[in-house]
Amino acid sequence: HSQYPEPTRYEPRSQYPEPTRYEPHSQYPEPTSYKPYSQYHEPSSHQPQDHEVYFEVGRQTPEEYSSERSIYPAEQNPHRGLHNPYSHDYGVVSFESLIAEELVQLEHDPYFSSAANEYPSGSYPSPSGSNHHKRQPYYFTDHTDCINEPDKWLLHLSNVLYNGAEPECTGYNLMIRFDVFDADQADPVALNAYGNLWSWADKNDTMDVYLQKAKEANGDGAAFALAIMTYVGFTNPQVEPGKRYSVTVFVEEKTETTPPFGVFSPTWKNLFNYLREFIDCKYEGNIDDCDYYNPLSVVFTEEVKHNLTYLNATQVTGCVNSFGDPSCSASFTAMRNDLLDERDKTGVIGAARLYMNYPGISMLDMIDDQARAFFDVVLDCTYLFTGNGYGFNGRDFTGAEFIVRGNAPLSVIGGVRSQVYPRTMA
């Protein structure tokens, strides 16, 4: 930890006693089946040929990351969305070498095995530890001939779901969001139904899973909607009468260039860094109104950040099954209720302002229970959120997940929305 200089406005970590209720990170060993980064060539100006693909080449230790090695520019790297600067890097190898390397990893890494579906008691995986990469092995395709337009992808989803077509791959530039609306609720103009600044979305690897789930549903739209909600980790997923189930597909490149922030991976570290200073923006018609002169800031003590990063939701809040159940701590419940009330009145930014100026408690006096309530209410980091950059549905890690600007109109981000159940798709 000493190799990471603390921000100058914070007290040195040494002044904070180590909490006794968690075990030190050193007890999470790095996997031995991955070669150290130094054994791979440094990225260069090399342009990949047809038989070459980008892939993740092992994981950097904190020491290796501290040397600030360069990576390929984002526009050259189709896996750029999966990049987590806290833990891994990229390179280029032949397609044959990729397959060989991946098979070696799958064979020797226990976190890719079926026995790894359950985590050690009382512990979520460490973001820089060996099991934060547990996910389904990615398909060996360079996605050069995949579907790259939102409307065409939605048409293909309909054909797979209702007409029995075979799934095709999804292009790297597409992203998706699944929503549940009331039957009489009009489609929102923006990506997020409530006009929140932040919204969750997935990329093409998850979209390929959508297509596979559509194929397995065999024409049953309700079964497909339930399968997707279960896969992405909805709380109490069920298909209800009086509801309609929709997907929105949009263009990552257009989202990435929409201020005040681009597409980012919601690791705990990234969230802490982002919240130190962020800008509130909202659209007034076609005008994007950003308050650049009055940035907001939400900060946490080092102890709180450590607890949120290395403890699971139950250990932090006391909640056994979900947020809001009777087992939750009094401090978590009180803060969560206050923030929910404020969010109902003034939105997520209003709830953030309340946390920043909470009566009688400064931000640096907040404990981890109260901070976890903030992330739940303001950023929708639910009980299942682990902060390692990947979705978690209560059993398995799924694809990489991302936060994008939620109140951007679909016309700005190239978005197209379509209802999957009850059936209205072509």
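Note that the structure is predicted; figures quoted are calculated from it, not measured.

Calculation criteria
Per chain, the residues get numbers from 1 upward, laid out in the order the sequence is written. Whole-chain, interface and lining totals are the exception, using all residues; otherwise, since this is a predicted model, local features are given only for residues with pLDDT of at least 70 and side-chain atom pairs are given and counted only at 80 or more. Each side-chain value is derived from all of the structure's non-hydrogen atoms; neither hydrogens nor water enter the calculation. A run of H or I in DSSP becomes a helix once it reaches four residues, and a run of E becomes a strand once it reaches two; helices and strands are each numbered from the N terminus. Contacts were defined at the residue level, with two residues in contact if any of their heavy atoms lie within 4.5 Å. Computed by Shrake-Rupley with a 1.4 Å probe, the accessible areas treat only the displayed protein chains as cover when residues are assessed. Ring geometry is summarised as follows: Phe, Tyr and Trp rings, the Trp one being its six-membered ring, pair when their centres sit within 6.5 Å, and such pairs are stacked at plane angles under 30 degrees, edge-to-face over 60 and tilted between the two. Here's how the labels work: a residue is buried when its accessible area is under 20% of the maximum for its type, exposed when over 50%, partly exposed in between, all with a 1.4 Å probe on protein chains only. Put simply, a charge is over a ring when the Lys NZ or the Arg CZ is close to the ring centre, within 6 Å, and near the line of the ring normal, within 35 degrees. To estimate how far a helix should extend, the number of its residues minus one is multiplied by 1.5 Å. Two N or O atoms form a polar contact when they lie within 3.5 Å of each other; inside protein one atom must be a possible hydrogen donor and the other a possible acceptor, and for residues adjacent in sequence the pair counts only when both atoms belong to side chains. A carboxyl oxygen of Asp or Glu within 4 Å of a side-chain nitrogen of Lys or Arg is what we treat as a salt bridge. Our working definition of a disulfide is a cysteine sulfur pair at a distance within 2.5 Å. We call a set of buried Ala, Val, Leu, Ile, Met, Phe, Trp, Tyr and Cys residues a nonpolar core when their side-chain atoms join them within 4.5 Å. For two strands to pair, DSSP has to find at least two bridges joining them. To define axes, lines are fitted to C-alpha atoms, for helices over the stretch in contact only, and angles between the resulting N-to-C directions are given on a 0 to 180 degree scale. Geometric relationships in this document are graded by angle, where less than 35 degrees denotes roughly parallel, more than 145 denotes roughly antiparallel, 65 to 115 denotes roughly perpendicular, and other angles denote oblique. Crossings are classed by handedness, with left-handed meaning an anticlockwise turn of the near helix from the far one by less than a right angle and right-handed meaning a clockwise turn. In this classification, Asp, Glu, Lys and Arg are treated as charged, Ala, Val, Leu, Ile, Met, Phe, Trp, Tyr, Cys and Pro as nonpolar, and every other residue, Gly included, as polar.

Along the backbone of the protein there are twelve helices and ten strands. Long-range pairs, those at least 24 residues apart, make up 74% of the contacts in the protein with a sequence separation of at least 6. In the form shown here, the protein has an accessible surface area of approximately 19,900 Å², with 50% of it arising from carbon and sulfur atoms.

Given two aromatic rings, one states the distance between the centres and the angle between the planes to describe the pair. For the structure on display, the rule yields 23 aromatic pairs. For the pair Tyr-210 and Phe-224, a centre-to-centre distance of 6.4 Å together with 75 degrees between the ring planes defines the contact as edge-to-face. Here Tyr-210 is found in helix 4 (residues 204-217), whereas its partner Phe-224 is found in helix 5 (residues 221-232), with 14 residues between them in sequence. The residues Tyr-210 and Phe-224 share a single accessibility class, namely buried. Centre to centre, the rings of Tyr-245 and Tyr-421 are 6.4 Å apart; their planes meet at 35 degrees, and the pair counts as tilted. Here Tyr-245, found in strand 5 (residues 243-251), pairs with Tyr-421, found in strand 10 (residues 416-421); they are 176 residues apart in sequence, far enough to count as distant. We classify Tyr-421 as partly exposed; its relative accessible area is 27%. Geometry around Tyr-162 places Arg-423 over its ring, the cationic atom sitting 4.3 Å from the centre.

Taking 1.5 Å of rise per residue, twelve residues should cover 16 Å, and helix 5 covers 17 Å from first to last C-alpha, within 8% of that figure. Within helix 5 the residues assigned to the buried category are Gly-221, Ala-222, Phe-224, Ala-225, Ile-228, Met-229 and Tyr-231. The inward-facing, buried residues of helix 5 abut helix 3 (150-163), strand 3 (174-182), helix 4, strand 5, strand 9 (397-405) and strand 10. Structurally, the start of helix 5 carries an N-cap: the backbone nitrogen of Ala-222 is 3.1 Å from a side-chain oxygen of Asp-220. Of the residues trailing helix 5, Gly-233 is marked for its positive phi of about 95 degrees.

On to the pattern of salt bridges, then. Counted under the stated rule, the structure contains eleven salt bridges. Across the pair Asp-179 and Arg-177 runs a salt bridge whose closest N-O atoms are separated by 3.1 Å. Accessibility assignment for this pair places Asp-179 and Arg-177 in one class, buried.

In total, this model carries three disulfides according to the counting rule given. Each disulfide pairs two cysteine sulfurs, and for Cys-146 the partner residue is Cys-169, the sulfurs being separated by 1.9 Å. As the torsion about the S-S bond is roughly -95 degrees, the Cys-146-Cys-169 disulfide counts as left-handed. Here the residue Cys-146 occupies a position in the loop between helix 2 (95-108) and helix 3, and Cys-169 occupies one in the loop between helix 3 and strand 3, the gap between them amounting to 23 residues.

Core analysis: the largest hydrophobic core is formed by 64 residues, its most contacted members being Trp-198, Phe-300, Tyr-355, Phe-374 and Phe-375. Among the elements that take part in this core, helix 10 (residues 330-356) stands out by supplying eleven residues, more than any other. The next biggest cluster of nonpolar side chains, apart from the first, holds 23 residues, and it includes Ile-147, Trp-153, Phe-178 and Ala-225.

Residues Cys-281 and Tyr-283 of strand 6 (residues 281-284) are buried on one face, while the alternating residues Lys-282 and Glu-284, pointing to the opposite face, are not. Summarising the sheet, strand 6 and strand 7 (residues 287-290) pair through four bridges and their orientation is antiparallel. Looking at strand 7, one finds that Cys-281 is bridged to Cys-290. Between strand 6 and strand 7, which pair antiparallel one after the other, the connecting turn spans two residues, and Gly-285 there sits at a positive phi close to 65 degrees.

Before going further, it helps to spend a moment on the packing of helix 10 against helix 11 (residues 368-379). Relative orientation of the contacting elements helix 10 and helix 11 amounts to 40 degrees, with a least axis distance of 8 Å. Our classification of the angle between helix 10 and helix 11 gives oblique. As for the relative orientation of helix 10 and helix 11, their crossing is right-handed in sense. Contacts from Ser-331, Phe-332, Met-335, Arg-336, Leu-339, Leu-340, Arg-343, Val-348, Ala-351, Ala-352 and Tyr-355 in helix 10 reach Asp-369, Gln-370, Ala-371, Arg-372, Ala-373, Phe-374, Asp-376, Val-377 and Val-378 in helix 11. A class-by-class count of the residues in the contact of helix 10 with helix 11 yields 13 nonpolar, two polar and five charged.

At a minimum axis separation of 9 Å, helix 8 (residues 302-310) and helix 11 run at an interaxial angle of 65 degrees. Classified by chirality, the crossing of helix 11 by helix 8 is right-handed. Along the contact surface, helix 8 presents Val-304, Asn-307 and Leu-308, while helix 11 presents Asp-368, Ala-371, Arg-372 and Phe-375. Each residue belonging to the contact of helix 8 with helix 11 can be placed in one class, and the counts come to four nonpolar, one polar and two charged.

Buried residues dominate strand 3, accounting for seven of its nine residues. Bridge count for strand 3 against strand 5 is nine bridges, and the pairing is antiparallel. Bridge pairing in strand 5 places Phe-178 opposite Val-247.

Another aspect to go through is the side chain of Asp-368. For Asp-368, the position within the fold is in helix 11. Asp-368 sits in the buried class, given a relative accessible area of 4%. Among the polar contacts made by the side chain of Asp-368, one reaches the side chain of Asn-307 at a distance of 2.9 Å.

Spanning 14 residues, helix 4 covers 20 Å between terminal C-alpha atoms, matching the ideal 20 Å at 1.5 Å per step. Those residues of helix 4 not exposed but buried are Asn-204, Thr-206, Met-207, Asp-208, Val-209, Tyr-210, Leu-211, Ala-214 and Ala-217. Here the buried face of helix 4 lies against helix 3, strand 3, strand 4 (198-202), helix 5, strand 5 and strand 9. Following helix 4 by one or two positions, Asn-218 adopts a phi angle in the positive range, close to 55 degrees.

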